[in-house]
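Residue strings, one per chain:
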Amino acid sequence: MKKLNIYFTAGIPALEDTADIIKLIQDSGADMIEIGMPYSDPVADGPVIQKAHELALQNGMTIGKLLSQLKTIKDNIKVPVILMGYINPVLSFGFEKFCKECSESGVSGLILPDLPPIEFEKNYQHILKKYNLNFTFLVTPETSDERIQYLDSLSSGFLYAVSSSSTTGNENTVLKNENYLTRLADLPLKNPVMIGFGIKSKEDFENVTEKADGGIIGTAFVNVLLQDKDWKKSAIDFIHSIKA
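Given the structure is predicted, the values throughout are model-derived calculations rather than measurements.

Asks: How would you summarise empty space enclosed by the protein if you had to cite specific residues and measurements?
Replies: Think of a ball as big as a water molecule: rolled over the atoms, this probe shows where empty space is left. This model, assessed by the stated rule, comprises 1 cavity of 30 Å³ or more. If you add up the space inside the largest cavity, you get close to 70 Å³. Lining the largest cavity are Tyr-7, Gly-36, Ala-44, Asp-45, His-53, Met-84, Gly-85, Tyr-86 and Pro-113.

What follows is the structure in structure tokens.
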């Protein structure tokens, strides 16, 4: 079975919905949960997730608030929880303090796309190891084989393969880049490969995960949370439609 990773932004639709959404994603059959830490300048994200970040910040979501919400439910969450965000707010919070609190809150890994690998190796890798946290790097169709293997060697948990070189949720995303997906499948990588960016349906999911270990769905799920008044039912239906 291919693994399904569902992403959402912490603090939407309302500040206190995060715990309910995590439980809902787990109970609906997803294999892992990726939680976006809201940031005022989410450059890698498309308009839907940017809007989610804005709303979450207006609602009062912070890293500290998110970690305290996670602590309250950690004993009931059995699937891996990964926090995704940008390095600046984490550095403001204090990197080691952040990692320590992540490990106390049931978080299993981090994705910080704007942390350069050289910096990671030099300054941060030992702190993640100390608190037993995985760290995932992103690769794109433009990433050379050599660099993919280097980023895979630094990653743990999984390697995040961006389906195309665009922002998340881009309508023009070329979802199935055969050469790229075959290249990834043929490389001797130590981590499972999860494909993300642009997956909206079961058909998309099955298409892109033919040669990968799983897929990541973000924008399409966040859209459900932002647009539907009855988002709980819609969110469950959406995950079931992918996993069915």
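Asks: I'd like a rundown of the sheet that holds strand β2 (residues 32-36), residues and numbers included.
Replies: The parallel open sheet is built from 9 strands, whose spatial order is β5-β4-β3-β2-β1-β9-β8-β7-β6. Whereas interior strands pair on both sides, the edge strands pair on one side only; in this sheet they are β5 (134-135) and β6 (138-139). Contacts from helix α1 (residues 18-27) reach β1 (3-9) and β2 within the one sheet, and its direction differs from that of β1 by about 165°.

Asks: Can you lay out the nonpolar core for me, pointing to particular residues and giving the numbers?
Replies: Phe-8, Ile-35, Leu-83, Phe-98, Leu-110 and Phe-221 are the most contacted members of the largest nonpolar core, which has 86 residues in total. Beyond its immediate chain neighbours, meaning those up to four positions away, Phe-98 contacts Met-37, Ile-63, Leu-67, Leu-83, Val-90, Phe-93 and Leu-110.

Asks: Before we move on, could you go through the packing of helix α10 (residues 219-227) against helix α11 (residues 231-243) and cite the residues and values that matter?
Replies: Running from N to C, α10 and α11 point in directions that differ by 160°, and their axes come no closer than 8 Å. What the angle tells us is that α10 and α11 run roughly antiparallel. Of the two elements, α10 crosses α11, and the hand of that crossing is right-handed. In contact with Ala-220, Phe-221, Val-224 and Leu-225 of α10, α11 contributes Trp-231, Ser-234, Ala-235, Phe-238 and Ile-239. For the contact of α10 with α11, a count of residues per class yields 8 nonpolar, 1 polar and no charged.

Asks: Lay out helix α6 (residues 117-130) in plain terms, naming residues and giving numbers.
Replies: Counted at 1.5 Å a residue, the expected span for α6 with its 14 residues is 20 Å, and the 18 Å between its end C-alpha atoms agrees. The largest bend in α6 amounts to roughly 60° and is located at Tyr-124. All of the buried residues in α6 are Pro-117, Phe-120, Tyr-124, Gln-125, Ile-127 and Leu-128. In this fold, the buried residues of α6 make contact with α4 (87-93), α5 (95-104), β4 (109-111), β5 and α7 (145-154).

Asks: Lay out the side chain of His-53 in plain terms, naming residues and giving numbers.
Replies: On the secondary structure map, His-53 appears in helix α2 (residues 47-59). Judged by its relative accessible area of 2%, His-53 is buried. Dropping the residues within four chain positions of it, His-53 is found in contact with Tyr-7, Thr-9, Met-37, Pro-38, Tyr-39, Pro-42 and Asp-45.

Asks: Tell me about α7, and name the residues and values.
Replies: Regarding α7, the residues found buried are Ile-148, Leu-151, Asp-152 and Leu-154. Across the axial projection of α7, the buried residues extend over an arc of 160°, all falling on one side. Buried positions along α7 lie against α6, β5, β6, β7 (159-162) and α8 (178-186).

Asks: Quick one: what's the story with the side chain of Glu-34, residue by residue and with numbers?
Replies: Within the secondary structure, Glu-34 sits in strand β2. Despite its burial, Glu-34 pairs with no opposite charge; the closest candidate is Lys-3, at 14 Å N-O. Those residues within four positions of Glu-34 in sequence are excluded, and the remaining contacts are Asn-5, Ile-6, Tyr-7, Phe-8, Ile-82, Met-84, Ile-111, Phe-158, Tyr-160 and Ile-216.

Asks: If you had to explain the pattern of salt bridges to someone new, which residues and values would you point to?
Replies: The tally for this structure, following the rule as stated, stands at 10 salt bridges. A salt bridge links Lys-100 to Glu-104, with the nearest nitrogen and oxygen atoms 2.8 Å apart. Taken as a pair, Lys-100 and Glu-104 lie in helix α5 at a separation of 4 residues, close to a single helical turn. On the basis of relative accessibility, which here comes to 38%, the residue Lys-100 falls in the partly exposed class. What makes Glu-104 partly exposed here is its relative accessible area of 31%. Between Asp-237 and Lys-233 there is a salt bridge; the shortest N-O distance is 2.7 Å.

Asks: Go over the packing of α5 against α6 with me, naming the residues and quoting the values.
Replies: Their axes nearest at 9 Å, the elements α5 and α6 cross at an angle of 25°. Taken together, the axes of α5 and α6 lie roughly parallel to each other. Taken as a pair, α5 and α6 cross one another with a handedness that is right-handed. Of the residues in α6, those in contact with Phe-95, Glu-96 and Cys-99 of α5 are Tyr-124, Ile-127, Leu-128 and Lys-130. The residue makeup of the contact of α5 with α6, split by class, is 5 nonpolar, no polar and 2 charged.

Reading guide: rules and limits
One numbering rule holds for all chains: residues counted from 1, following each sequence as written. The predicted origin of the model limits local features to residues at a pLDDT of at least 70 and limits the giving and counting of side-chain atom pairs to 80 or more, whereas totals for whole chains, interfaces and linings rest on all residues. To get the side-chain values, all heavy atoms of the structure are used, and hydrogens and water are removed first. Grid spacing is 1 Å over the protein atoms alone, the probe is 1.4 Å, and a cavity is where that probe fits but cannot get out, while a pocket is an open set with protein on both sides within 12 Å along at least five of seven lines and lining residues have an atom within 4 Å of a point. Grid points are joined across faces, edges and corners, and a volume is the space filled by probe spheres set on the points. The pairing criterion for strands is at least two bridges between them, as found by DSSP. Strands are runs of DSSP state E lasting at least two residues, helices are runs of H or I lasting at least four, and both sets are numbered from the N terminus onward. Note on contacts: a residue pair qualifies if any of its non-hydrogen atoms lie within 4.5 Å across the two residues. Inter-axis angles, ranging from 0 to 180 degrees, are taken between N-to-C directions of lines fitted to C-alpha atoms, where helices are fitted over the stretch in contact. Here, nonpolar core refers to any group of buried Ala, Val, Leu, Ile, Met, Phe, Trp, Tyr and Cys residues whose side-chain atoms link them within 4.5 Å. Any residue under 20% of the maximum accessible area for its type is buried, any over 50% is exposed, and the rest in between are partly exposed; the area is computed with a 1.4 Å probe on protein chains only. The cut-offs work like this: below 35 degrees is roughly parallel, past 145 is roughly antiparallel, 65 to 115 is roughly perpendicular, and the gaps in between are oblique. Take the far helix as your reference; a near helix turned counterclockwise from it by less than a right angle gives a left-handed crossing, and one turned clockwise gives a right-handed crossing. Note that Gly is not counted as nonpolar here; it falls among the polar residues with everything else outside the nonpolar set of Ala, Val, Leu, Ile, Met, Phe, Trp, Tyr, Cys and Pro and the charged set of Asp, Glu, Lys and Arg. Working rule for helices: expected span equals 1.5 Å times residues minus one. Bend, at a single residue, is the angle you get between axes fitted to the 7 residues ending at that residue and the 7 residues starting at it. Think of it as the arc spanned by the lines of direction from the helix axis to the C-beta atoms. In this tally, Asp and Glu contribute negative charge and Lys and Arg positive charge; neither His nor the terminal groups of the chain are included. A carboxyl oxygen of Asp or Glu within 4 Å of a side-chain nitrogen of Lys or Arg is what we treat as a salt bridge.

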